[in-house]
Amino acid sequence: MKRLPALFFFLIISFNLYAQNVREAKIFVPPVTGIGSTEETAYFYRQLTNEVIAQSHTLIRLKSGSDYSLIGIIKPLTCYHDPSTICPANSGHQHKDIISPERVFHLELQKTSTSEVIGEQYIVYSDYEPKLMDMISTLVYNLISGIPDILTVDDARRKWLFAGIYGMWAPRIYNGINNDHESVYLVNFGLGIEAEVHFVNFMALNFGLQFSQDWIVISSEEKTDNIDVILEIPLTLKFIIKPGNSYLLEPYAGISYNFSLMDVTKPSGYSWFVGLEFGMLAGPGFITIDPRFSMDIFSSHLDSQLEYRRSMIQIAVGYKFGFFQKNKKKDY
C-alpha cells in the first residue's frame, strides 16, 4: 500500500511528459542594414536566410515568434579610438579618417526575448562576389551551430472539441410544495459523458448525458422507499479561463432536460444549474473537478400523491481530452 502514492506520482509525471516536444530553435533574420547599396544589403540578406535553412534551422518572418535573431550590419572600415568601431587587429591603422573601399559585414546572434548578444562574427570585404558565400556560410555556422533545441509543451487547451467521462456524488433534497415534508438522499452517485465545443477562445458550449438516482422516502405508518433512475441531458454555456500553462477554469450555467427511465417518478422536465469546473493537465487531456448546484424549474411528482421540488448538489471528478488543434498565430 505504501507504494501506491509513489506509483500515482510517477503516473502524473509520465502523463505530463507526454505533452512535451523538442523542436528546433526559431531564427528571425531582419533586413541587413548599414552603408551598403540596396543591391548589396539584399545580397547579404539572401545569403543569411539561405544559410539558416541550409543548416537545418527554422527560419521565421516575425520577430515576435522567434527564439533568436541573426542581425547583419554593413559598416565602413575606419579606425577610431572608439570601442564600438570594428577594426581588424592587423590593419596597422592608428588614427581616424582612414578612407578605404573595404567594408565590414558584422553579424551577431541575439536572444530575442532579452536582446542578449550570444555571439558576434565579422568579415572584411571590398566586393560582394561569389567567394563571399563560403565566408558567410562559415559566419552563420559559427553562430548558430551551438543553438540548443527547444523543449516545448503543446497547449492541450487550444482544441476545438473536447470529450469527457466523469463520476459524481449527487446528494439531493426533496421539498414538498406545501413545505409539509422533506426527504434527503445523501448516498447518491452517478455517471456522465460530455462533449464540449470551444467555438471561441473564451467560451464553449457543452452537451452531456448523465445518469443518477432519485430516492424518495415517504414516512407514514408504513415507510415506503421509491427509487428511480433519472436521465439528465444538460446544455451548458461555459466561460474559459486559462491560468498558467496547465490549467483550465470554467465557470458555467445551463439547463438540464430530465426524464425517468423507470417511470417510478415524474421529475421536473427542466432544471437550472450553475457550477465551476477546474481542470489540471495530465497527459493529452485534463483531470477535472466539477462542483455544481441545481434546482428544478417545475414541480416533480410521485404518482398523484406527492408533489415536490428537488435541490441538487453535484461534485464530479473525471477526465476530458481534446481533438482538432486550433491554428496558432502564424509566425513564418
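Think of each chain on its own: its residues are numbered from 1, step by step along the sequence as written. Residue-level local features of this predicted model are given only where pLDDT is at least 70; pairs of side-chain atoms are given and counted only at 80 or more, and the full residue set underlies all totals for whole chains, interfaces and linings. Hydrogens and waters are ignored; side-chain quantities use all the structure's heavy atoms.

**Student:** For the overall build of the protein, give the residues involved together with the corresponding values.
**Tutor:** By definition, any uninterrupted DSSP run of H or I lasting at least four residues is a helix, any uninterrupted run of E lasting at least two residues is a strand, and each is numbered from the N terminus. Secondary structure assignment for the protein yields three helices and 19 strands. To sort residues, take the accessible area from a 1.4 Å probe on protein chains only and compare it with the maximum for the residue type: under 20% means buried, over 50% means exposed, and anything in between is partly exposed. Expressed as a percentage of the 332 residues in the protein, the buried residues total 40%. Expressed as a percentage of contacts within the protein between residues at least 6 apart in sequence, the contacts between residues at least 24 apart total 64%. Methods summary: accessible areas were calculated by the Shrake-Rupley approach with a probe of 1.4 Å, and residue burial reflects only the protein chains presented. Accessible surface, the protein: about 19200 Å² in total, of which carbon and sulfur atoms supply 61%. In this analysis, two residues are considered to be in contact whenever any of their non-hydrogen atoms come within 4.5 Å of each other.

**Student:** So what's going on with the packing of aromatic side chains? Residues and values would help.
**Tutor:** Two rings from Phe, Tyr or Trp (for Trp, the six-membered ring) form a pair when their centres are within 6.5 Å of each other. A pair whose planes differ by under 30 degrees is stacked, one over 60 is edge-to-face, and the rest are tilted. Going through the model one piece at a time under the given rule, you end up with 14 aromatic pairs. On the numbers, 4.2 Å between centres and 20° between planes, the contact of Phe44 with Phe105 is stacked. Taken together, the residues Phe44 in helix α2 (residues 38-54) and Phe105 in strand β6 (residues 103-111) connect sequence positions 61 residues apart. As far as the burial class goes, Phe44 and Phe105 line up, both buried. Between Phe321 and Phe323 the ring centres are 5.3 Å apart and the planes differ by 65°, which places this aromatic pair in the edge-to-face class. Note on criteria: charge over ring means Lys NZ or Arg CZ within 6 Å of the ring centre, with the direction from the centre no more than 35 degrees off the ring normal. Its end group placed over the ring of Phe273, Arg292 keeps NZ or CZ at 4.3 Å from the ring centre. A cation over an aromatic ring shows up here: Lys320 above the ring of Phe162, its NZ or CZ 5.5 Å from the ring centre.

**Student:** Which residues make up the side chain of Ser69, and what values go with them?
**Tutor:** Mapped onto the fold, Ser69 is located in strand β5 (residues 68-76). Using a relative accessible area of 2% as the deciding quantity, one classes Ser69 as buried. Counting of polar contacts relies on pairs of N or O atoms within 3.5 Å, with two restrictions inside protein: one atom must be capable of donating a hydrogen and the other of accepting it, and residues adjacent in sequence are counted only when both atoms are side-chain atoms. Within polar-contact distance, the side chain of Ser69 engages the side chain of Thr112 at 3.0 Å.

**Student:** Let's hear about the nonpolar core: which residues, and what values?
**Tutor:** Definition used in this section: a nonpolar core is a set of buried Ala, Val, Leu, Ile, Met, Phe, Trp, Tyr and Cys residues joined via side-chain atoms within 4.5 Å. Of all hydrophobic cores here, the largest spans 24 residues; its most connected members are Phe44, Leu48, Leu70, Phe105, Leu107 and Ile144. When contributions to this core are tallied by element, the ones reaching two or more residues are α2, β5, β6, β7 (116-125) and α3 (132-144). Ranked by residue count, the leading element in this core is α3, at six residues. What Leu107 contacts, discounting residues up to four positions off in sequence, is Leu48, Leu70, Ile71, Gly72, Gly119, Glu120, Gln121, Leu139, Val140 and Leu143. Phe162, Ala204, Ile240 and Leu281 belong to the second largest nonpolar core, which has seven residues in total.

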